Each structure stands twice: as structure tokens, then as C-alpha cells.
Amino acid sequence: MNFDNNNNNNNFYESVGNVTKQTTRPIVTGTSIIGFKYRDGIMIAADNLASYGSLARFKSVERIFPVGEFTCIAGSGDLSDFQYIKHLLESLMIKENYIDDGHVLTAPHIHEYLTQILYGRRSKLNPLWNSLIIGGFHDGEGYLGYADLLGTAHKSSTIATGLGTQLMHPLLRKSVEGRENEVTEEEAIEIVNDCMRVSYYRDARSLNKFQRAKITAKGFEITEPYSVDVVWHE
Amino acid sequence: MNFVPTALEFDTYGQNGQNGGVPTSLYFDPYDNNGGTALGLSGEDYSIVASDTRQSSGFDIYSRCDQKATKLTENSVLALGGFRADGRSLTKRIIQRMEWYRHAHEKEMSFRAISQLLSVTLYSRRFFPYYAFSLLGGLDENGKGVVCSFDSVGSYHDEPSCVVGSGSALMQSFVDNQIAFHNQQVNNEPISLEKAIRIVKDSFDGVAERDIYTGDSLDIFIITRDGVTTEQYPLRKD
Amino acid sequence: METNIIPRKGGFNFDNYKRNLFLEQKGLTLPKVTKTGTTIVGALFKDGVVLGADTRATGGSIVQDKDIIKISYIAPNIYCCGAGTAADTLFTTALISSQLELHRLTTGRQSRFNSAETMLKQLLFRHQGHIGAALILGGYDINGPVLAHIYPHGSSEHHPYITMGSGSLAAVSVLETRWTKNLERQDAIDMVKDAVEAGIFNDLGSGSNVNLVVIEKNKTESLREYSKPTPHHPKNCDYKYKRGTTAILKESIKDLVVVTDGEAMDIS
């Protein structure tokens with residue numbers, strides 16, 4: 001095989017006909033994730049599917065991971081970029097631990113750090129193709145942040161990414177907005193289940209096998225993967 | 001070999017100028033428009049900066065409570081429309097430069113100094129601009145209200161009333177008429193702060209009716225000699 | 001032998017479309033059509049069907065109209081929600097409803113849902129997607145309540161609950177969690193209202209009020225402004241202009257009737 005056909009030495013580009021493309025594009029992807037505030041803190045959910053285009057490629061991928069004691073990150077979009085972000089945060093936590101000055105990185109710090117990483121990469125036109133949810137417990141209350149490949153970031157009491165912005169966010173807003181301090185854990189679990197069910201019904205890149213994380217004053221807890229009951233009408 | 005091209009190296013005209021110099025599409029667009037409107041008014045001894053709190057993209061609402069205006073000093077407030085990530089980054093950069101100034105000179109930057117700083121910061125990215133439309137409101141060295149509006153590459157001017165962001169075309173003519181008395185013959189007595197706030201609320205009510213990217217809630221920053229106070233006002237949520 | 005007879009082409013004629021493409025390539029810009037963001041919803045219940053729609057019409061990022069009606073009349077027992085190009089939904093439904101009216105006058109019978117559906121989809125298929133009407137058709141005829149959606153290219157499907165338009169994903173989330181077989185009338189109305197409101201609040205292309213139509217056996221009820229979820233703020237200021245606000249640049253009074261002293265009228 002002749003690998004020298006492409007006389008362009010800059011392998012940042014990939015040439016297809018006359019169109020110049022960047023090598024950066026999502027390949028193995030995770031679909032929408034959600035997060036919201038409730039009485040005890042933050043609830044996050046993400047399914048366990050990694051898609052390869054329209055192929056359901058890996059069906060037991062964990063897309064929520066903890067950072068420290070009181071923060072969890074969930075990610076959608078390109079999975080290799082997500083794992084790179086996970087690696088960055090693990091290195092960061094090791095460095096922090098090594099310094100041993102008693103300083104603890106909390107959810108707002110990690111949110112800011114990730115936003116800057118993502119914005120820095122978008123400014124080099126080499127983005128990390130992810131939308132992230134940062135859930136944590138800080139200063140006696142839940143912290144819920146969002147950051148994406150463009151470096152856009154915000155805090156909100158309900159967050160959904162990807163197709164979930166359209167499919168699940170309306171349900172979250174209806175059940176959570178204005179009553180963040182009333183929603184009990186049982187109700188929060190019901191809300192997660194309802195959202196993930198709708199996502200499974202209507203998002204062709206989703207899977208009825210997902211994990212839930214809660215972050216409260218006691219720390220984080222990530223469930224084992226589980227499913228919800230579904231009914232297909234006609 | 002440079003693996004990561006900067007904006008200037010990035011060849012938007014196909015490889016090595018091939019493809020007949022016709023621009024080819026980029027796979028990744030580093031910009032977005034997150035909507036939102038900001039209004040600035042200035043009076044004799046006050047100035048007001050108001051902005052809605054909706055953050056959106058396409059037909060989706062990302063957040064209903066995103067503050068687009070930031071208090072910089074006791075006499076200046078910065079509001080930003082356009083691409084939110086650039087706005088955030090720009091605000092951070094300005095705040096950091098202001099802190100350096102404070103350490104170097106043991107005083108706060110004046111309103112005029114901040115507006116000049118903002119202008120040169122924007123121009124420093126002339127060929128990969130901050131897609132942010134800025135509005136700086138505050139009091140000048142004589143305690144007089146001033147509002148400056150900036151384009152995305154640093155051109156700025158001050159006016160008694162100016163609007164930036166998605167609803168600017170709708171709101172500008174209204175505030176020109178009501179605040180700057182354009183096309184009014186007999187009405188030109190200075191507007192009291194209290195009345196100005198009411199006009200601000202009505203302006204946003206009107207724009208929220210017709211601009212889909214403006215709504216949810218309004219942050220009003222009131223800048224007087226006594227410092228900066230804030231007020232919230234609900235807007236349409238649809 | 002040479003002949004001047006040109007064989008007639010069969011099928012529908014798309015010459016104008018080709019001409020327009022050609023002209024566009026030459027630099028002509030065609031007038032922009034109003035495509036509205038929309039949330040339209042339909043759901044079957046125990047013995048009827050509810051249709052719902054928001055009332056916002058958008059042109060780009062501007063709200064063109066805050067209170068338009070997106071549920072149109074097809075027949076007394078059939079109504080239709082429209083999304084897509086505003087003019088296309090308006091004219092297709094008007095055309096079909098008039099044809100059905102004539103058909104009813106001829107036959108003296110109630111219109112069938114299937115007639116309306118077939119006529120609409122055949123019209124749209126004939127135009128190969130160039131008529132940008134995305135429809136939800138709901139009705140009640142001798143077969144009971146029926147609900148179908150029709151895409152601009154002419155395909156149609158029957159479902160127990162349907163949403164379309166830019167707010168369809170927001171609305172479907174409500175229907176997927178709440179729709180069950182044999183819903184009560186009021187439950188169905190509430191569910192459709194909430195589905196449209198999900199579109200109104202979460203989709204920027206949809207907004208303002210909720211209009212509903214409930215079709216049952218021998219009874220059709222139109223519920224205009226069934227819900228007004230976005231209250232209008234009263235004005236904080238008075239905007240009456242003082243007399244003299246408008247500049248008078250020039251004043252000239254012309255006498256149209258010239259009064260001259262003349263002889264006194266003879267009243268003797």
C-alpha cells in the first residue's frame with residue numbers, strides 16, 4: 001500500500017477530495033446525559049452505551065466517574081476525549097494530593113478547570129468533543145455545572161446534553177425547577193427513570209442500561225447499571 | 001512540525017490554496033451564538049446596565065439563569081452578548097488585568113481606563129476575534145454616567161443609551177426615542193433614575209415579546225456614586 | 001419522416017422548479033417563505049381525539065405573530081394541525097376542505113377520515129416534497145376516532161399519539177410518560193395541553209398560547225386559548241406623547257373657498 005499519496009506533511013488535516021477536514025471528529029460516542037438538583041444534593045445519570053456511528057459498539061461503558069470525595073463528572077460525545085479528560089483529572093488529583101497542603105479541589109474548581117481546558121482546545125481549533133456535567137456538593141449545597149467543546153459553561157438546577165436538551169430537559173424543568181429543595185431522593189430516582197425511559201424510546205443512540213450517581217453531604221454514590229420497564233404502544 | 005495550527009495558519013481556502021481559492025467548509029466551527037440582549041443607559045449622576053439571563057443555542061434554551069453582566073468595580077459594569085464562552089473568557093481576562101493594575105498602581109482602574117483596556121484586548125484578537133458584543137456602563141472621573149458599546153474587534157463609542165445583542169435592532173430605536181429623545185420636540189427634561197429603571201423594564205418586556213433569544217429574567221445593575229446595586233425582574237419564559 | 005408532434009410527457013410537471021433552480025444559480029434570490037417553528041400534538045383517548053397547537057409564528061429569530069391558529073378545519077368531523085411552511089399548510093388544508101365540502105354536498109354523507117388523508121397525501125406526493133406541509137390529521141368517522149401524521153413527501157402513518165414541529169421532541173417527552181390506552185377526555189386534554197406547553201417553554205420556535213380541538217362522535221369542540229401560560233406584563237411607564245412632540249417644519253394654510261363680498265341674496 002502506498003502511504004505517500006498524501007503529500008501534505010501536516011497530519012492534522014485529512015484530505016477527502018477537495019474538502020479539507022480536521023482529524024478531530026467524534027468516532028466512538030456516548031449519547032445524552034442529565035443532571036439536576038434535589039433536596040439532598042445532585043443526581044446525575046448516563047447510559048452505558050458507546051456507539052460507533054449507528055452501531056451499538058460497546059454496551060457496558062461507564063460514563064460517570066468521581067473526582068475526589070464530593071464531585072462526579074458525566075460525559076457525552078467522543079469517548080476517547082472523555083477518557084483523556086478523566087486522565088487529566090486523575091493526574092490533577094494526584095498532583096494536588098502530592099502537594100499535601102490541605103487544599104481540596106471542589107466542584108466549582110473542577111468546573112472552572114474543565115471549562116478552561118475545553119475553551120483552550122476550541123481556541124486551538126482542536127476541540128475535545130464532549131459535553132460534560134459536573135455535579136458536586138460544596139459549601140453545604142449541591143453544585144451543578146455544564147461545560148462543552150466550545151468552552152460554553154453555565155450553572156443551572158437542571159442540565160441535559162445532546163438530544164437530551166430536547167427530549168429530557170423539558171421533563172426535568174417541569175419536575176425540578178422551583179422546587180429544588182423539595183424533591184426527595186425517591187422522587188429524584190423516579191425523575192431519572194422517567195427521563196432515561198423517554199431517552200430510550202426516542203434516542204436511537206441510547207440504551208436501556210444506565211447508571212445513576214448522587215452527590216450529597218455524605219459524598220458520592222454511583223449505582224450499578226440497571227434498566228427501567230418499558231411499554232411500546234403499537 | 002506543528003501539529004496544532006493556530007487560527008492564522010488554518011487554511012480556509014483548501015489545502016495550499018487549491019480548490020480554486022473557493023472557501024471549503026470547516027468541520028469544526030469554533031463559534032456559536034448564545035443570544036441575549038444588554039441595554040445601557042446613562043444619566044447625569046447614574047448609569048444602568050441591564051441584561052436578560054437566557055442562554056440559548058439554535059432553538060434550545062441552555063440556561064434560564066445565566067448572568068451576562070458582571071460588576072467590575074464600584075463604578076463600572078460589563079455586559080456581553082454573542083458567544084458566551086468568548087464573553088466569559090474576555091471578562092476573566094479583563095478582571096485579571098484590572099487586578100494587575102491594582103497591584104501596580106494601588107488604585108482601581110477608572111472607567112475610561114477600563115474601556116480602553118477592553119478595546120485593545122478585543123483588537124489583540126483581530127484575526128480570531130472574541131465573538132462578543134460588549135457594553136460597559138459606569139461613571140466617569142466627574143461622576144457623570146457613561147455607557148460605551150463595543151463591536152467584536154474593539155471599536156467603541158459612548159452614547160446616552162445603547163443596546164447590544166440579539167434584540168438590539170428591536171430595542172435601540174425605542175430607547176433612542178425614550179432616553180435620547182430622538183424625534184421629540186418638547187420632551188427633554190433629564191430622566192430620573194427611577195423612571196429610567198421603569199423604561200428599562202418596559203424595553204425588555206417589549207423585546208422579550210418579539211425576540212426569541214431574549215427572555216426568562218432581567219438583571220438590572222444600577223451604578224451611582226454610592227456604588228452598584230442590583231435588581232431582578234421576571235420576563236417571558238416562552 | 002420528420003414530425004412536429006412532440007410526445008406528451010406523462011406525470012406531473014416540474015419545469016418551473018428546474019427554471020427556478022437555474023435562475024437561482026444565475027443569482028436570482030427567490031422570496032423567503034415564512035417557516036414557523038411549531039409544537040403540534042394529537043392524541044387519541046377513550047372515544048375521541050384531541051389536537052393541540054401553540055400560537056407562535058417566527059421568521060428567523062423574530063416572532064412574526066403571537067396568536068396564529070395552527071389547527072385548521074377540514075370537515076366538521078376532521079381537523080388538521082400544520083407545521084412547516086405557513087402558506088403551504090394553509091393552502092393544502094383549504095384546498096382539501098373545499099373538495100370535501102363539495103363531496104359532502106354531492107353525496108349527502110359525512111366525510112371519511114380516509115378520504116381527507118388520501119387526498120392530502122396524494123397532493124403532497126404529487127409535488128415531491130416541494131409543498132412543505134407537515135400535518136397531523138385527526139378525526140372521527142364511522143370507524144371511530146383516528147389520528148395520522150402526513151409528511152411533506154406524502155407518507156402517512158396512524159399512531160395513537162403524535163407530535164410534530166420544532167417542539168415535537170419536548171412534547172413527545174410528555175406523551176411518552178403519560179399516554180395510556182383509553183384515557184378519559186379531561187385527562188387527554190390536560191396531557192395534550194402539557195405537551196404543547198413543554199414545546200412553548202422549551203423550544204424557542206414555539207410560544208404564546210395553547211389552542212385545542214376535541215373531536216368526538218357527532219361533536220367537535222374548539223377550545224381557543226385553552227391555556228395562556230405566559231402572562232403579559234402591564235406597562236411600567238406611560239407612553240403618551242405631549243402635544244407638540246412632532247416638529248412642525250412649515251405651516252401654510254390655504255383657503256379652498258374664496259369669500260368675496262358680493263350682492264346680498266335676494267330674499268324677497
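Refer to the structure presented above.
Below or above, wherever it landed, is the structure these notes cover. All of these numbers come straight from a predicted model, not from anything done at the bench. (Residues numbered from 1 in each chain as written. Chains lettered and ligands numbered in written order. Predicted model: local features only at pLDDT ≥ 70, side-chain atom pairs only at ≥ 80, totals over all residues.)

## Notes on the interface of chain C and chain A
Contact residues are listed per partner, giving 11 residues for chain C and 14 residues for chain A. When contributions to the side of chain C that touches chain A are tallied by element, the ones reaching two or more residues are α4 (168-178) and α5 (185-202) of chain C. Top contributing element to the side of chain C that touches chain A by residue count: α4(C), with six residues. Split by residue class, the side of chain C that touches chain A holds six nonpolar, four polar and one charged. (Contact = placed C-beta atoms within 7 Å. Helix = DSSP H or I, 4+ residues; strand = E, 2+ residues; numbered from the N terminus. Nonpolar A, V, L, I, M, F, W, Y, C, P; charged D, E, K, R; others polar.)

## Observations concerning the packing of helix α3 (residues 168-178) of chain B against helix α4 (residues 193-210) of chain B
All names here are of chain B. Axis separation between α3 and α4 bottoms out at 10 Å; the angle between their running directions is 155°. The angle between α3 and α4 falls in the class roughly antiparallel. The two elements α3 and α4 cross, and the hand of that crossing is right-handed. Contact residues: Leu170, Met171, Phe174, Val175 and Gln178 in α3; Ile199, Ser203, Gly206, Val207 and Arg210 in α4. In terms of residue class, the contact of α3 with α4 is built from six nonpolar, three polar and one charged. (Axes fitted to C-alpha atoms, helices over the stretch in contact; angles between N-to-C directions. Parallel < 35°, antiparallel > 145°, perpendicular 65-115°, else oblique. Left-handed = near helix turned anticlockwise from the far one by under 90°.)

## Structural notes on the packing of helix α2 (residues 86-107) of chain C against helix α3 (residues 113-126) of chain C
Residue and element names in this part refer to chain C. The geometry of α2 relative to α3 is characterised by a closest axis approach of 10 Å and an angle of 135° between their N-to-C directions. Here α2 lies oblique to α3, going by the angle between them. For the element pair α2 and α3, the recorded crossing hand is right-handed. Residues Thr92, Ile96, Gln99 and Leu100 of α2 form the contact with α3, whose participating residues are Ser115, Ala116, Met119, Leu120 and Leu123. Within the contact of α2 with α3, the residues separate by chemical class into six nonpolar, three polar and no charged.

## Quick word on unusual backbone geometry
We note that Glu106(B) has phi near 55°; this positive angle belongs to a residue other than glycine. Here Glu106(B) shows up in the loop between α1 (84-105) and α2 (111-123). In this structure Glu106(B) comes out as exposed when scored by C-beta crowding, with 7 C-beta atoms within 10 Å. For Asn182(C), which is not glycine, the phi dihedral falls at a positive 55°. Here Asn182(C) lies in the loop between α4 and α5. On the neighbour-count criterion, Asn182(C) (10 C-beta atoms within 10 Å) is exposed. (Buried ≥ 20, exposed ≤ 12 C-beta atoms within 10 Å, placed from the backbone.)

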